Amino acid sequence: MIHPDLRINSYGSYLRGRFGCRVSKVNVDGGFTCPNRDGSRGTGGCIYCDNSSFSPRGTQPVIPIEAQMAEGMAYHRKRLGSEKFIVYFQKFTNTYAPAAKLADLYRRALAHPDVLGISVGTRPDALGDDAVALLEELAQKHYVCLELGLQSMDDAILARINRGHSLTEYLDAVERIRGRGIELCTHLIYGFPGETPEGFLKTADLMNRLPVNSLKLHQLHAVAGTRLAELYRRGVFTPLSHAAYIATACDFLERLRPDIAIQRLYGSAPLAIRVAPNWDLKNNQMWYSVVNELKRRGTWQGCRASGECSVAVPD
Ligand code: SF4
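Residues numbered from 1 in each chain as written. Predicted model: local features only at pLDDT ≥ 70, side-chain atom pairs only at ≥ 80, totals over all residues. Heavy atoms only, no water.

**Looking at the packing of aromatic side chains**
The condition is simple: Two aromatic rings, drawn from Phe, Tyr or Trp (for Trp, its six-membered ring), form a pair once their centres lie within 6.5 Å of each other, and the interplanar angle then sorts them: stacked below 30 degrees, edge-to-face above 60, tilted otherwise. Helix and strand assignments follow DSSP, with helices taken as H or I runs no shorter than four residues and strands as E runs no shorter than two, numbered in order from the N terminus. Note on classification: 1.4 Å probe, protein chains only; a residue is buried when its accessible area is under 20% of the maximum for its type, exposed when over 50%, partly exposed between these limits. Counted as over-ring charges are cases with an Arg CZ or a Lys NZ within 6 Å of the ring centre that also lie within 35 degrees of the ring normal.
Under the criterion given, the structure shown has nine aromatic pairs. On the basis of an interplanar angle of 25° and a centroid distance of 5.9 Å, the ring pair of Tyr 11 and Tyr 14 is categorised as stacked. Taken as a pair, Tyr 11 and Tyr 14 lie in helix H1 (residues 11-19) at a separation of three residues, close to a single helical turn. Taking relative accessible area as the criterion, Tyr 14 reaches 25% and is therefore assigned partly exposed. Note on Tyr 245 and Trp 279: the rings are 5.9 Å apart at their centroids and 35° apart in plane angle, and the pair reads as tilted. Taken as a pair, Tyr 245 in helix H9 (residues 242-255) and Trp 279 in the loop between strand S9 (274-276) and helix H10 (283-297) lie far apart in primary sequence, 34 residues in all. Judged by its relative accessible area of 0%, Tyr 245 is buried. Overall, the relative accessible area of 18% leaves Trp 279 in the buried class. Every member of this aromatic cluster is reached through a ring pair, and the members are Tyr 190, Phe 200, Tyr 245, Phe 252 and Trp 279. Here Lys 25 stacks its cationic end above the ring of Tyr 88, 4.1 Å away from the centre of that ring.

Here it is as structure tokens:
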């Protein structure tokens, strides 16, 4: 459902409509690693990877997930008045472990009476049949969302960023979870070296053809200690301007199916480790940069998905 003020189908509204209350995601660190860092698939990881940049303090594998959940829930209850929660296994690759470990962690998260479900971030090449079967079983009674990183549908870009998997592997993973009651969120990044707006916008057409329930999009940004930061210093990586990102993000949203809920529209890293781009905007300013541009255009998510775009905002 397109929010009349936001002009997009926001994930927050989706959760409120589905569960009838304010729902927040609580990040936990399950103590996983990543096959693109430990050598089984690759070494060094994606060129932008620094997991410390997207994990809040307090989520550390040495802390039991119950304690991590309690801290996160208390924070969201106080700050947002949230009543129910989705536990988000975020850091590294959260299906990359024996099924017994996955079952233990996921079930412990779901055992809390205020937890409605889990979100599990992973890579297309780290989704074993046992993990899919476990998620399918859990999805019979709970909300289960698989957050699958694609980042780019261009295999040449995936190779350049040392992503370690192909578009074909992503498509295969999507087919393996199709029809099993598991929601699919796809992660995308815009602004890779050599990427064009036209090339990126084709990703909306791809998402529209797949059983994607929600989506996360953010600008490519470099944080300290990554190979991308080094490329920036050497002048090889030129970050997008804020205006260029907003324009293409809006073009993308206009082409995207309106039933795909938007979980994220920008990336943010702590100032202390942020290298580039540095747009000096708070999170809500980034969010409203997109919303206000859609308003200025008189458009909304999905208005061009069928090739039409009028100026009336849907109810
Ligand atoms: S898949 Fe994720 S955790 Fe693994 S190297 Fe890439 S960004 Fe890092």
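**Overview of the confidence of the model for the protein**
As a reminder of what qualifies: Within a predicted model, pLDDT stands for the predictor's per-residue confidence, ranging from 0 to 100. Contact criterion: two residues are considered in contact whenever any of their non-hydrogen atoms come within 4.5 Å of each other.
Taken residue by residue, the protein gives an average pLDDT of 93. The fraction at 70 or more is 93%. Low pLDDT, under 50, characterises residues 53-58; the predicted model gives this stretch 15 contacts beyond four residues in sequence or across chains. This model gives residues 311-315 a pLDDT under 50, and the stretch forms 11 contacts once residues within four places in sequence are excluded.

**Description of the packing of H9 against H10**
Operational definition: Simply put, an axis is a line fit to the C-alpha atoms, just over the touching stretch for a helix, and the angle between two N-to-C directions goes from 0 to 180 degrees. Rotating anticlockwise by less than a right angle from the far helix to the near helix defines a left-handed crossing, while the corresponding clockwise rotation defines a right-handed one. Under the grouping applied here, Gly and all other residues not named as nonpolar or charged are polar, the nonpolar ones being Ala, Val, Leu, Ile, Met, Phe, Trp, Tyr, Cys and Pro and the charged ones Asp, Glu, Lys and Arg.
Relative orientation of the contacting elements H9 and H10 amounts to 60°, with a least axis distance of 10 Å. The two elements H9 and H10 cross, and the hand of that crossing is right-handed. Mapping the contact onto sequence places His 242, Tyr 245, Ile 246, Ala 247, Cys 250, Asp 251, Leu 253 and Glu 254 in H9 and Met 286, Ser 289, Val 290, Glu 293, Leu 294 and Arg 297 in H10. Split by residue class, the contact of H9 with H10 holds eight nonpolar, two polar and four charged.

**A closer look at the pattern of salt bridges**
Stated precisely, the cut-off is as follows: We define a salt bridge as a side-chain nitrogen of Lys or Arg found within 4 Å of a carboxyl oxygen belonging to Asp or Glu.
Within the structure shown, the criterion is met by 21 salt bridges. Here Glu 66 and Arg 108 are joined by a salt bridge, their closest N and O atoms 2.8 Å apart. Residue Glu 66 is located in helix H2 (residues 65-80), and its partner Arg 108 is located in helix H3 (residues 99-110); the two are separated by 42 residues in the primary sequence. Judged by its relative accessible area of 38%, Glu 66 falls in the partly exposed class. Here Arg 108 falls in the partly exposed class, since its relative accessible area comes to 29%.

**Remarks on empty space enclosed by the protein**
The cut-off we apply is this: Using only the protein atoms, space was sampled on a 1 Å grid; points where a 1.4 Å probe fits but cannot get out form cavities, open sets with protein on both sides within 12 Å along at least five of seven lines form pockets, and lining residues are those with an atom within 4 Å of a point. Grid points are joined across faces, edges and corners, and a volume is the space filled by probe spheres set on the points.
Following the criterion strictly, the structure yields one cavity of 30 Å³ or more and no others. In this structure, the largest cavity spans a volume of roughly 110 Å³. Lining the largest cavity are 14 residues, and of these Gln 219, Gly 267, Arg 274, Trp 279 and Leu 281 lie nearest its centre. Its residues assigned to classes, the lining of the largest cavity shows six nonpolar, six polar and two charged.

**Considering the environment of Leu 201**
When you line up the elements, Leu 201 lands in helix H7 (residues 197-209). Assessed through its relative accessible area of 11%, Leu 201 is described here as buried. Spatially, the C-alpha atom of Leu 201 lies 24 Å from that of Asn 284, the residues being 83 residues apart in sequence. Discounting residues that sit within four places of it in the chain, Leu 201 has contacts with Thr 248, Asp 251, Phe 252 and Arg 255.

**Notes on the packing of H7 against H9**
Angle between the axes and distance between the axes: these two values describe a pair of packed helices. Threshold: Angle categories: roughly parallel below 35 degrees, roughly antiparallel above 145, roughly perpendicular from 65 to 115, and oblique for all the rest.
Two elements in contact, H7 and H9, have axes whose closest approach is 9 Å; the angle formed by their N-to-C orientations is 25°. One element, H7, and the other, H9, form an angle in the roughly parallel class. Crossing geometry of H7 relative to H9 is assigned as right-handed. Along the contact surface, H7 presents Pro 197, Phe 200, Leu 201, Thr 203, Ala 204 and Asn 208, while H9 presents Thr 248, Asp 251, Phe 252 and Arg 255.

**Looking at the environment of Val 26**
Examined against the element boundaries, Val 26 turns out to sit in strand S1 (residues 23-28). In this view, Val 26 contacts Gln 68, Met 69, Gly 72, Met 73, His 76, Phe 85, Ile 86, Val 87 and Tyr 88; residues no more than four positions away in its chain are not counted.

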